Amino acid sequence: MTGTVTHDPPPGPADRPGQPLIVTEDAVLLDDLLRLCAAAGATPEVHHGVPESGDGWAVAPLVLVGDDAAHRMCGAARRPGVVLVGRDQDDPGVWKRAVRIGADHVLILPDGEPWLVDRIADVAEGIGRPALTVGVIGGRGGAGASTLACALAVTSAREGLRTLLVDADPLGGGLDVLLGGESAEGLRWPAFAASRGRVGGGALEESLPELHSLRVLSWDRGDCVAVPPPAVRAVLAAARRRGGTVVVDLPRRLDDGVAEALAQLDMALLVVPAELRAVAAAGRVASAVGMVVRDLRVAVRGPYAPGLDDHEVARLLGLPLAGEVPVEPALLRPRGGAKPPGATGRGPLARFCTHFWERALVETGGIR
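The following refers to the structure shown. (Residues numbered from 1 in each chain as written. Predicted model: local features only at pLDDT ≥ 70, side-chain atom pairs only at ≥ 80, totals over all residues. Heavy atoms only, no water.)

### Brief notes about the overall build of the protein
1) Next: If you tally the helices and strands in the protein, you get 13 helices and 14 strands.
2) Next: Viewed in the frame of its principal axes, the protein has a C-alpha envelope of about 75 × 40 × 35 Å.
3) Next: Here the protein holds 368 residues, and the buried ones make up 52% of them.
4) Next: Sequence-distant contacts in the protein: of pairs separated by 6 or more residues, those separated by 24 or more amount to 74%.
5) Next: About 16,100 Å² of surface is accessible on the protein, with carbon and sulfur atoms providing 53% of the total.
6) Next: Charge separation in the protein, taken as the distance between the mean sites of 38 positive and 45 negative side-chain charges, equals 6 Å. (Helix = DSSP H or I, 4+ residues; strand = E, 2+ residues; numbered from the N terminus. Buried < 20%, exposed > 50% of the residue type's maximum accessible area, 1.4 Å probe, protein only. Contact = heavy atoms within 4.5 Å. Areas by Shrake-Rupley, 256 points an atom, 1.4 Å probe, with all protein chains shown as cover. Lys, Arg positive; Asp, Glu negative; His and termini not counted. Charge placed at Lys NZ, Arg CZ, Asp CG, Glu CD.)

Here it is in structure tokens:
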């Protein structure tokens, strides 16, 4: 069991990597907390009371106070990131003690162990602001969504942002192929099919192929064409914790795994060719995606059918316009050039991607 006393800790010491601090004299509780720290990959500092110098109390990213030691914390300076840990679920006094020491949370073992492992792992990894996560989906088949997703990711990496490109379409042939890295060393989706709970963000990043200064999670050429929804959730959550940007190339078929991916998005781009049949098909996709993604925008690709332009397509779909995806050979023939779309930084597609990130980062508060 866990409970919130005031609010989640605001960004501060907990956003920096470091050692959690444990304050307790309860040997059994200490053994449990050390076990949980080990499971989260953290080595804690242990004290029976507030550290004499005060430095450990002030700078530790997370402080775990045993209920047995709460009375010794009353004179300590207030700070965020304090968790009061106990064992007795029937003790109403634990909440009063938590308020007295300024704890953000009350946690009762063993029920609260999963939450605590996640929290310890967050501070061990130095978690800050989550990645700006953008999904790209085609309004109809052949709309150019995969090419746009690659161009967005390549542009983000070229701008110096930590970037992860996620291929969520097992039937799309593999984005590593589109980037010219089908033989690059690193893990693909099938390696994560058994993932549950928490996946380490740093370990995920290091395990993936690095192509054009970004990391790519794609599919191999094996028979696996699905990853269980819990694994999708765990992997994308790990990717977001690393900050920067995450670009997800989405299939038009919406199953439970894709729903998990949609739930992680900050924004989605619906790529729609400017023709009536494509707009009609895109309307059905928008209805399904819009049930999960709050910020869904349309990116219109020419050439335009008579009577249509980008603003008219957006009006017909009832969606805000992200812009006009320019027509160029790299978009229509993804493998036509030696470099992936957007890699040179020149041309209309690269300019579209650069302007998109400039606007998106301003809207979300800057570089993450």
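After presenting the structure, the write-up continues.
### What to know about the environment of Ala184
1) Next: Structurally, the position occupied by Ala184 is in the loop between helix H6 (175-178) and helix H7 (201-207).
2) Next: Counting along the chain gives 25 residues from Ala184 to Pro209, while the straight-line C-alpha distance between them is 5.9 Å.
3) Next: When residues no more than four places from it in sequence are discounted, the contact partners of Ala184 are Pro209 and Leu211.

### Observations concerning the sheet that holds strand E7 (residues 132-138)
The strands that make up a sheet pair up through hydrogen bonds in the backbone, lying either parallel or antiparallel.
1) Next: Spatially, 8 strands are ordered E9-E10-E8-E11-E7-E12-E13-E14 in an open sheet, and the strand pairing comes out mixed. Each edge of the sheet is formed by a strand with only one pairing partner; in this case those strands are strand E9 (210-211) and strand E14 (321-325).
2) Next: Bridge count for strand E8 (residues 163-167) against strand E11 (residues 245-250) is 5 bridges, and the pairing is parallel. Each residue of the ladder has a partner; that of Leu165, found in E11, is Val247.
3) Next: Sheet strands in contact with helix H5 (residues 145-158) are E7, E8, strand E10 (214-217), E11, strand E12 (267-273) and E14, and its direction is about 170° off that of E11.
4) Next: Its contacts with the sheet put helix H10 (residues 276-289) on E7, E12 and strand E13 (296-301), and the angle it makes with E12 is roughly 165°. (Pairing = 2+ DSSP bridges. Axes fitted to C-alpha atoms, helices over the stretch in contact; angles between N-to-C directions.)

### A few points about the side chain of Asp310
1) Next: Tracing the backbone shows Asp310 in helix H11 (residues 310-317).
2) Next: No salt bridge is formed by the buried Asp310; the nearest opposite charge belongs to Arg359, separated by 10 Å.
3) Next: For Asp310, the contacting residues outside a window of four places in its chain are Val300, Tyr304, Leu321 and Glu324. (Salt bridge = Lys/Arg side-chain N within 4 Å of Asp/Glu carboxyl O.)

### A few points about the packing of helix H1 (residues 27-39) against helix H4 (residues 113-125)
1) Next: Where H1 meets H4, the closest approach of the two axes is 8 Å, and the angle between their N-to-C directions is 55°. The angle between H1 and H4 places the two elements in the oblique class. The handedness of the crossing between H1 and H4 comes out as right-handed. Here H1 contributes Leu33, Arg35, Leu36 and Cys37 to the contact with H4, which in turn contributes Glu113, Leu116, Val117 and Ile120.
2) Next: Partitioning the contact of H1 with H4 into residue classes produces 6 nonpolar, no polar and 2 charged. (Parallel < 35°, antiparallel > 145°, perpendicular 65-115°, else oblique. Left-handed = near helix turned anticlockwise from the far one by under 90°. Nonpolar A, V, L, I, M, F, W, Y, C, P; charged D, E, K, R; others polar.)

### Describing the nonpolar core
1) Next: Of all hydrophobic cores here, the largest spans 46 residues; its most connected members are Trp189, Leu250, Leu270, Val272, Val313 and Leu317.
2) Next: Listed by contribution, the elements that provide at least two residues to this core are E8, helix H8 (229-241), E11, helix H9 (256-263), E12, H10, E13 and H11.
3) Next: If one sorts the elements of this core by residue count, H8 sits on top with 7 residues.
4) Next: In this structure Leu250 touches Gly135, Val136, Ile137, Ala168, Val258, Ala261, Leu262 and Leu265, once residues within four positions along its chain are discounted. (Core = buried A, V, L, I, M, F, W, Y, C linked by side-chain atoms within 4.5 Å.)

### Topic: the pattern of salt bridges
1) Next: As enumerated under the stated definition, the model contains 18 salt bridges in all.
2) Next: With a shortest N-O distance of 2.9 Å, Asp295 and Arg297 are connected by a salt bridge.
3) Next: Residue Asp295 is classed as partly exposed on the basis of its relative accessible area, which comes to 22%.
4) Next: On the accessibility criterion, Arg297 (16% relative accessible area) is buried.
5) Next: For Glu363, the salt bridge identified is with Arg297, shortest N-O distance 2.7 Å. Of this pair, Glu363 sits in helix H13 (residues 348-363) while Arg297 is found in strand E13, placing the two residues 66 residues apart along the sequence.
6) Next: The partly exposed category is assigned to Glu363, whose relative accessible area is 49%.

### With respect to the packing of aromatic side chains
1) Next: Per the stated rule, a full pass over the model turns up 2 aromatic pairs.
2) Next: Arranged with centres 5.2 Å apart and planes meeting at 70°, the rings of Phe356 and Trp357 form a pair that is edge-to-face. No difference in accessibility class separates Phe356 from Trp357, as the two residues are buried. (Phe/Tyr/Trp six-rings, centres within 6.5 Å; stacked < 30°, edge-to-face > 60°.)

### A closer look at the state of the cysteines
1) Next: This model, assessed by the stated rule, comprises 0 disulfides.
2) Next: Cysteine Cys353 shares no disulfide, and the gap to the nearest cysteine sulfur, in Cys150, comes to 10 Å. (Disulfide = S-S within 2.5 Å.)

### Focus on the packing of H5 against H13
In helix packing, the relevant descriptors are the interaxial angle and the interaxial distance, both defined with respect to the helix axes.
1) Next: Interaxial distance between H5 and H13 falls to 9 Å at its minimum, and their mutual angle equals 65°. Relative to H13, the element H5 lies roughly perpendicular. In this structure, the crossing between H5 and H13 has a hand that is right-handed. Contacts between H5 and H13 involve Leu148, Ala151, Leu152, Thr155, Ser156 and Arg158 from the former and Leu349, Ala350, Phe352, Cys353, Thr354, Phe356 and Trp357 from the latter.

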